[in-house]
Amino acid sequence: MRFHKSVISVIVLFLAGIGSAELPRIGVVSFDTDDFAPDDIILEAVRGELIRSGRFEVADLDSVAYLDVSPDLLIDRLRTIASDENLDIFLALEIPAAEEYDRTVFRNDSLITYRSITVDVLGRFYSSTGTLIGTIRNTVSREEMLPFAPDRYRLALTCAEQLAARSILELFPLEVTFTASDSQIFNIPVGREQGISSGMIMAVVAASSGIPDEISDYESLRSRGLLQISDVGNAQSTARLLSGHLVNGGTVTAIEQSAPAILYMEYNLLSMKVEHGEGLEGTDSEWSSNIRLGVETGKWGLSFGGGLRAGGLEHSSSLGIDLLAGTRIPLFSPSLGLRLFGGGEVIFLMQDIRSDTLSSSSNAVCVAAIADASLEYLFSDNVGIQFGISGILGTAADSWTVQEYSGKVRDANPDEIYYTKMEYGPFSIHTGLIYMIF
């Protein structure tokens with residue numbers, strides 16, 4: 001993405017329109033010199049993205065939206081359209097033909113051919129005077145093994161829609177200045193009419209009109225953080241901090257930002273029920289030690305994510321992949337929160353073999369349903385700790401496969417492995433560090 005100096009004037013125009021409830025009027029035009037894509041469908045989809053943002057009044061330019069002019073006549077053409085249609089901004093889309101290539105790889109004594117297709121869409125933003133404001137590019141690629149008949153037009157449509165969504169946040173973010181409070185929930189003077197929506201994330205920094213007169217005034221400049229819109233009215237909204245600290249009475253500026261994520265690094269203890277192999281003794285209950293790396297969306301409310309867990313028992317190891325969804329509840333915003341999640345996990349189990357006649361370790365797979373409750377505490381803007389407990393209901397791994405030196409794969413005998421049965425549950429505990437990415 002590239003900005004030009006004139007972007008400042010357009011952002012001022014955009015914010016002025018927001019403040020007066022008169023949205024800037026934008027037109028979407030297309031340069032499709034090789035007639036690769038269905039322009040009318042793509043332009044309609046892009047207009048839909050801009051309309052849903054609530055930031056623009058989107059003009060339907062009909063046939064004049066399809067430009068076929070030389071570069072030296074482009075600016076004059078845009079100025080003419082802006083005058084006729086009363087436009088403030090243009091989004092000009094350039095959609096070149098999709099690029100395809102094949103590659104052949106050697107796999108399992110066979111040659112396999114893969115086909116890749118890439119669609120690249122370029123968007124240029126112009127003012128009503130034809131001044132280039134900025135550019136943004138988006139690329140979508142697909143690759144599959146032949147026979148593969150890619151839908152080139154569908155990829156172009158997806159690529160253009162993604163470009164429109166990115167441009168709203170990267171080129172035209174909402175910005176608002178207000179007086180902060182040190183409460184958990186506070187008001188900001190913009191609402192639905194200005195394009196604010198519930199769940200929106202905004203970065204907050206202290207604003208100052210000049211050098212403070214007194215040393216105590218510097219305290220107001222310590223405000224910073226990340227807030228989330230929790231309730232939206234027509235002209236006013238309420239927000240709650242996700243991270244940071246606001247000084248009561250200080251002037252701050254909030255700018256729209258993409259949603260944060262939380263990275264987890266946990267130590268897990270999982271309860272397990274086991275049955276030992278023939279001739280071995282041991283307890284029926286064990287604790288499996290594990291390390292889990294996970295990432296989840298960091299907003300209050302609906303959240304989702306997943307992780308990768310590795311660990312195991314003596315003579316055994318496991319690798320788990322989980323997907324979770326649920327809600328993050330602020331207990332004391334922004335530092336203390338409660339996470340209630342549920343989901344599932346696929347667990348790949350491996351254990352050593354006791355017989356010298358076998359050539360590989362023994363393997364099994366099981367699945368589990370997970371319900372998790374965790375407390376999170378941020379002791380800085382980004383870093384914190386968490387502690388939680390999970391309920392687990394899973395299948396038992398009681399069928400293990402082994403491989404002989406001859407290459408034959410078969411079920412293991414009870415005297416060839418250390419555990420004939422392994423089952424996770426009914427609960428686990430975990431603790432670790434969290435890091436908020438924004």
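Everything discussed here concerns the structure shown above.
Remember, it's a predicted structure, so these values are computed and weren't measured experimentally.

1. Brief notes about the side chain of Thr420
Position of Thr420 among the secondary structure elements: in strand E24 (residues 419–437). Residue classification places Thr420 among the buried residues on the basis of a relative accessible area of 19%. Sequence-distant contacts of Thr420, that is, excluding residues within four places in its chain, are made with Glu275, His276, Gly277, Ala397, Asp398, Trp400 and Pro414.

2. A look at the sheet that holds strand E12 (residues 237–245)
What the six strands build is an open sheet, ordered E8-E13-E10-E11-E12-E9; its pairing is antiparallel. Across the chains shown, the open sheet's two edge strands, defined by having one partner strand only, are strand E8 (175–179) and strand E9 (185–188). Across the sheet, the axes of successive neighbouring strands diverge by a mean angle of 40 degrees, strand direction being ignored.

3. Regarding the nonpolar core
In this structure, Val46, Leu93 and Phe125 are the most contacted members of the largest nonpolar core, which totals 45 residues. Contributions of two or more residues to this core are made by strand E2 (25–31), helix H2 (39–53), strand E3 (57–59), helix H3 (71–85), strand E4 (89–94), strand E6 (110–127), strand E7 (132–145) and helix H4 (152–171). Ignoring anything within four residues of it in the chain, the contact list for Leu93 reads Val28, Val29, Ser30, Phe31, Ile42, Leu43, Val46, Val121, Leu122, Gly123 and Leu163.

4. Quick notes on the pairing of strand E16 (residues 301–312)
Sheet analysis places strand E15 (residues 285–297) next to E16, joined by eight bridges and oriented antiparallel. Bridge pairing links Val295 to Gly306 in E16. Joining the antiparallel neighbours E15 and E16 is a turn of three residues.

5. Notes on the packing of aromatic side chains
Centre-to-centre distance and the angle between the planes together describe a pair of aromatic rings. For the coordinates displayed, the defined rule picks out four aromatic pairs. Clustering of aromatic rings is evident, with ring pairs tying together Phe56, Phe125 and Phe172. Over the ring of Tyr114 we find Arg103, and its NZ or CZ is 5.0 Å from the ring centre. Residue placement shows Arg328 over the ring face of Trp300; its charged tip is 4.5 Å from the ring centre.

6. Thoughts on the environment of Arg77
Checked against the element boundaries, Arg77 lands in helix H3. Once the C-alpha coordinates of Arg77 and Leu67 are considered, the two residues, 10 residues apart in sequence, prove to be 8.6 Å apart. Once residues within four sequence positions are removed from consideration, Arg77 is found in contact with Val64, Leu67 and Val69.

7. As for the side chain of Glu416
Mapped onto the fold, Glu416 is located in the loop between strand E23 (409–411) and E24. Relative accessible area serves as the criterion here: at 7%, Glu416 is assigned to the buried category. A polar atom in the side chain of Glu416 sits 2.9 Å from the backbone nitrogen of Asn413. The contact partners of Glu416, leaving out residues within four places of it in the chain, are Ile353, Arg354, Ser355, Leu358, Val402 and Arg410.

Rules of the game
- Residues numbered from 1 in each chain as written.
- Predicted model: local features only at pLDDT ≥ 70, side-chain atom pairs only at ≥ 80, totals over all residues.
- Heavy atoms only, no water.
- Helix = DSSP H or I, 4+ residues; strand = E, 2+ residues; numbered from the N terminus.
- Buried < 20%, exposed > 50% of the residue type's maximum accessible area, 1.4 Å probe, protein only.
- Contact = heavy atoms within 4.5 Å.
- Pairing = 2+ DSSP bridges.
- Axes fitted to C-alpha atoms, helices over the stretch in contact; angles between N-to-C directions.
- Core = buried A, V, L, I, M, F, W, Y, C linked by side-chain atoms within 4.5 Å.
- Phe/Tyr/Trp six-rings, centres within 6.5 Å; stacked < 30°, edge-to-face > 60°.
- Lys NZ or Arg CZ within 6 Å of the ring centre and 35° of its normal.
- Polar contact = N/O pair within 3.5 Å; in protein donor to acceptor, adjacent residues only side chain to side chain.

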